[in-house]
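Here's the letter readout for the chains.
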Amino acid sequence: YNLLRLFGADPVSERILQLAEANFPDMRFQQGIILDGIAPGPDQQNCVSEVNDAQVANGIRLANTYSNVVTVSVGNETSFFAPFMPLSCLEGYVTETRDNVTQPVTADDDYTFFAGLSRLPDTVLPLLDFVAIHMYPITNFRSWNWQQLGVPEGPERAEAMMNAALAEAQANYQAVYDYEYFDGSGATVTVGETLPIIVGETGWKWRQTNLAQDIEQYAATEVNAKWYY
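Report follows, based on the coordinates. (Residues numbered from 1 in each chain as written. Predicted model: local features only at pLDDT ≥ 70, side-chain atom pairs only at ≥ 80, totals over all residues. Heavy atoms only, no water.)

## Focus: the sheet that holds strand E4 (residues 105-110)
As summarised here, the arrangement of the six strands in space is E1-E2-E3-E4-E5-E8, forming an open sheet in which the pairing is parallel. Both outer strands of the open sheet, strand E1 (3-6) and strand E8 (197-201), are each paired with one neighbouring strand and no more. Averaged over all pairs of adjacent strands, the angle between their axes in this sheet comes to 30°, without regard to strand direction. When strand E3 (residues 69-76) meets E4, the two strands line up parallel, connected through three bridges. The residue bridging Val72 from the neighbouring strand is Val105, located in E4. Set on the sheet, helix H3 (residues 50-65) makes contact with strand E2 (28-33) and E3; between it and E2 the angle comes to about 165°. (Pairing = 2+ DSSP bridges. Helix = DSSP H or I, 4+ residues; strand = E, 2+ residues; numbered from the N terminus. Axes fitted to C-alpha atoms, helices over the stretch in contact; angles between N-to-C directions. Contact = heavy atoms within 4.5 Å.)

## Some thoughts on the packing of aromatic side chains
In this description, a pair of aromatic rings is defined by centroid distance and the angle of the planes. In the structure shown here, the tally under the stated rule is four aromatic pairs. Their ring planes at 35° and their centres at 5.7 Å tell us that Trp204 and Tyr228 sit as a pair that is tilted. Placement of Trp204 in the loop between E8 and helix H8 (214-219) and of Tyr228 in helix H9 (residues 222-228) is noted, with a sequence separation of 24 residues between them. On the basis of relative accessible area, Tyr228 is assigned to the buried category, the value being 13%. Three or more aromatic residues link up through ring pairs in this structure, and these residues are Phe141, Trp146 and Tyr218. (Phe/Tyr/Trp six-rings, centres within 6.5 Å; stacked < 30°, edge-to-face > 60°. Buried < 20%, exposed > 50% of the residue type's maximum accessible area, 1.4 Å probe, protein only.)

What follows is the structure, encoded as C-alpha cells:
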C-alpha cells in the first residue's frame, strides 16, 4: 500500500508525516481531524470546543505543510454520537477545513449515515469532495444471514457465509450510492451520481474480541479475514 489514514491532527501524525517525507517519498496520507462531542447547552448551540478548534487548525496546518497529505477527513463516525455533535457543527468544521486547504475533503462515517439510515446527511453531502464510508459485516451480522444453516456444515457453509458477507458489504455500498438528496441547485440527485465513494474502513476480525457477538466465536479466524480482504 502507499496510502495511510491518520486519524488525528496531533504530534504523532506530524512525526509520521516527517518520517515518511524523509524515508518513504512515495507514501501518501489522508490527514484526519478528530472531533470531540460537545455537551448540550450554550457551547453546543454555538459549536464551542477548544479541542475541536485546535484539531481543525492543526489539521489545516499539516495539510498545508506536508505535500504527502493528499486528502483531509473531518471527524470520524460522528453520526454515532449524534446528541453531542449537531450536524450544523460538523458542517462548520468541514467548511472551515475545505476553505483553507487545497486537498479534497471528506468526513469518514458509517455507511448508515451516508445512506440516510440513521441521521440524514443531506446538508453535509454538498460540502464534501468525496464520500468515505465504513462498513463491517462482521459487526453488523444481525442484518444478514451469517449462519447459513441451509448449507451443509463444513467448508461449504463457511464459503456461503463469507459470500453472504461480501454481498452485505456490496449492499451497504449500493445503499449509499442510491441515496437521494438535494444538490446545490435544488435538484434531486444520488450520492453515486454526484460524488466519488471510497471505502474508508472495512475488514474482518482474525480473532474473537467481543464475547457478545456470536459470529466471532465461529467466524473470527485468520482464514476468513484473508478471504474477506
